[in-house]
Amino acid sequence: MNDFTDIERLTATRVHPAPPAMSMRGRFNLWTHLVSRFLNRSIKNGSLTLSFPDGTVRRFGKGNPQIAATITRPSTVRRIAFHPDLAVGEAYMNGSLRIDDGDIYTFLELVLRNLGDAKSSPVRRIWLAIRRNTRPFTLFNPKGRAARNAAHHYDLTDELYTSFLDADRQYSCAYFAAADDTLEQAQLRKKRHIAAKLLLQPGQQVLDIGSGWGGLARFLARKHDVSVAGLTLSAEQLKFAQKETLTAGLADKVRFLLRDYRNENRKYDRIVSVGMFEHVGTPHYQTYFDCVARRLSDDGVALIHTIGTSGPPGAPGAWINRYIFPGGYVPAMSEVLPAIEKSGLIVTDVEVLRLHYAETLRAWRRRFLANRARLAALHDDRFCRMWEFYLAVCEAAFRHTGLVVFQFQLAKRQTTVPLTRDYIAKAEGRL
């Protein structure tokens, strides 16, 4: 059933282009009608043939790509009609959404690429309004909750992360300078790019907020002869980072602490934070940048690398927030800059990386799928479906929904950073 013409032939007597939704027994089905109406209004470029559990088969849109999928449970149709942002991912995880022609990435890309007017759906508008209005509660991340949220995602098996990350375990957007860059080359470029913007000098003290598995800290210490203190809330990341640092012979230059950024009290010449700001939560933005300002020396430089949106402020993604990154949120630039201004820090440079994370996620997804059988034996099929959906929906979102990456370079003095950006390329060249 992988050939679309076979699907068309076998279902020719039951394929309908639009509502009303009638089952094979001729009875009106409200939930099938609502889902069909939403998709009929949304899918214009490319086509989706969707089979419902009541026997109804509908085609939405036209042209390529041609995707076919089946919903196997009536309860799944109801849940998707009521709360699609959460229910589609759950349906794929539990197997009640099956992709018959294509895969979960091509399915999600087709849907997200066509969602221009989908917000006109009354149910979707209601859920978006609820999520926006409850955002302060969802994103309230005091120290205890922040630690639990970090453990939920990062305290998983080493086998999972080694299955799709590069050897240095860079779990953030890489920097692709050429179409044929490998993941390893692009992650190395990312570390060089960040190091160049930090204007490092030998002997300086660097604070890495959200240091992950320690790859960036070790790179900075090894290449620039600086000392780095890395802060993490993940016990598993801490153990790995300490072990790798000892093996690399950098224990005298790099140390890692299981510590919330709000509990740090030393001054540093440089501060870097990569892929951590997404976990801060909007109620804590001012606290975060006030902490950066207090910890940064008067002639210091900070570099904050975070996922962002090129659009206006939104709400946390329901599925991602429940299953992958509880307490996570992708900010708009308009939400970040006021907190920076009030902290007394100066924005000396802003760079927007657009499709770099889409390419990063594509590389991760392909590596994950290549190791899926091994991971299913260690975890289970539902876990693998969850992670496959996560990598796929994020890649599609970065390609089609305005997600980007911001790099904010901050200082306390106007004269700390050179007047032109030439120094960045020169420093990268030296590395």
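Quick summary incoming for the structure in this document. Only a predicted model underlies this, so the values are computations on that prediction, with no experimental measurement involved. (Residues numbered from 1 in each chain as written. Predicted model: local features only at pLDDT ≥ 70, side-chain atom pairs only at ≥ 80, totals over all residues. Heavy atoms only, no water.)

## A closer look at the overall build of the protein
1) Next: When helices and strands are tallied, the protein shows 19 helices and 11 strands.
2) Next: Taking all 431 residues of the protein together, the buried fraction comes to 55%.
3) Next: For the protein, restricting intrachain contacts to residue pairs at least 6 apart in sequence, the fraction spanning at least 24 positions comes to 71%.
4) Next: Accessible surface computed for the protein: about 18900 Å², of which carbon and sulfur atoms make up 53%. (Helix = DSSP H or I, 4+ residues; strand = E, 2+ residues; numbered from the N terminus. Buried < 20%, exposed > 50% of the residue type's maximum accessible area, 1.4 Å probe, protein only. Contact = heavy atoms within 4.5 Å. Areas by Shrake-Rupley, 256 points an atom, 1.4 Å probe, with all protein chains shown as cover.)

## Here's the deal with the packing of aromatic side chains
1) Next: Scanning the entire structure with this criterion turns up 23 aromatic pairs.
2) Next: Measuring from ring centre to ring centre gives 5.9 Å for Phe164 and Trp387, while their planes differ by 45°; the resulting arrangement is tilted. Remark: Trp387 occurs in helix α18 (residues 381-400) and Phe164 occurs in the loop between α9 (158-162) and α10 (183-198); sequence separation between them is 223 residues.
3) Next: In this structure Phe164 comes out as buried when scored by relative accessible area, which is 0%.
4) Next: Among the aromatic residues, ring-to-ring pairing joins Tyr161, Phe164, Tyr171, Trp213, Phe325, Tyr357, Trp364, Phe383, Trp387, Tyr390 and Phe398 into one connected group. (Phe/Tyr/Trp six-rings, centres within 6.5 Å; stacked < 30°, edge-to-face > 60°.)

## Considerations on α18
1) Next: Taking 1.5 Å per residue, 20 residues should reach 28 Å; α18 reaches 28 Å between its end C-alpha atoms and fits that length.
2) Next: You can read the cap of α18 off the contacts: a side-chain oxygen lies 3.2 Å from the backbone nitrogen of Arg382, and it is on Asp380.
3) Next: One or two steps after α18, the chain reaches Gly402, where phi turns positive at roughly 85°. (Expected span 1.5 Å × (residues − 1). Polar contact = N/O pair within 3.5 Å; in protein donor to acceptor, adjacent residues only side chain to side chain.)

## Thoughts on the packing of helix α5 (residues 104-113) against α18
1) Next: Two elements in contact, α5 and α18, have axes separated by 9 Å at closest approach and are oriented at 35°. Where α5 crosses over α18, the handedness of that crossing is right-handed. Touching Ile104, Tyr105, Leu108, Glu109, Leu112 and Arg113 of α5 are Glu388, Phe389, Ala392, Val393, Glu395, Ala396, Ala397, Arg399 and His400, all from α18.
2) Next: Of the residues in the contact of α5 with α18, the class split is nine nonpolar, one polar and five charged. (Axes fitted to C-alpha atoms, helices over the stretch in contact; angles between N-to-C directions. Left-handed = near helix turned anticlockwise from the far one by under 90°. Nonpolar A, V, L, I, M, F, W, Y, C, P; charged D, E, K, R; others polar.)

## Description of the pattern of salt bridges
1) Next: Under the counting rule described, the total for this entry stands at 24 salt bridges.
2) Next: Across the pair Arg385 and Asp381 runs a salt bridge whose closest N-O atoms are separated by 3.0 Å. In this pair, Arg385 and Asp381 are both assigned in helix α18, four residues apart and thus about one turn of the helix distant.
3) Next: Via salt bridges that share partners, Glu359, Arg362, Arg365, Glu395 and Arg399 belong to a single interconnected network. (Salt bridge = Lys/Arg side-chain N within 4 Å of Asp/Glu carboxyl O.)

## Concerning the nonpolar core
1) Next: Residues Phe107, Tyr171 and Trp387 are the most contacted members of the largest nonpolar core, which totals 68 residues.
2) Next: If one sorts the elements of this core by residue count, α18 sits on top with 13 residues.
3) Next: Once residues lying within four places of it in the same chain are set aside, the contact partners of Phe107 are Leu48, Ile67, Ala69, Val88, Leu97 and Ile99.
4) Next: Ranked by size, the runner-up nonpolar core spans 29 residues in total, among them Leu231, Ile271, Ala339 and Phe406. (Core = buried A, V, L, I, M, F, W, Y, C linked by side-chain atoms within 4.5 Å.)

## A look at empty space enclosed by the protein
1) Next: For the structure shown, the criterion picks out one cavity of 30 Å³ or more.
2) Next: In this structure, the largest cavity encloses a volume near 40 Å³.
3) Next: Leu207, Ile209, Leu231, Tyr261, Glu264, Ile271, Cys291, Val292 and Arg295 together form the lining of the largest cavity.
4) Next: Of all the secondary-structure elements, those providing two or more residues to the lining of the largest cavity are β5 (205-209) and α13 (285-295).
5) Next: Ranked by residues supplied to the lining of the largest cavity, first place goes to α13 with three residues.
6) Next: Counted by class, the lining of the largest cavity contains seven nonpolar, no polar and two charged residues. (1 Å grid on protein atoms, 1.4 Å probe; cavity = no way out; pocket = protein on both sides within 12 Å on 5 of 7 lines; lining within 4 Å. Points joined across faces, edges and corners; volume = space filled by probe spheres on them.)

## A word on the sheet that holds strand β6 (residues 227-232)
1) Next: Pairing is mixed across the open sheet formed by seven strands, whose spatial order is β7-β6-β5-β8-β9-β11-β10. A single partner strand is all that each edge strand has here, and the edge strands are β7 (254-258) and β10 (346-353). The sheet shows a mean angle of 15° between the axes of neighbouring strands, direction not considered. (Pairing = 2+ DSSP bridges.)

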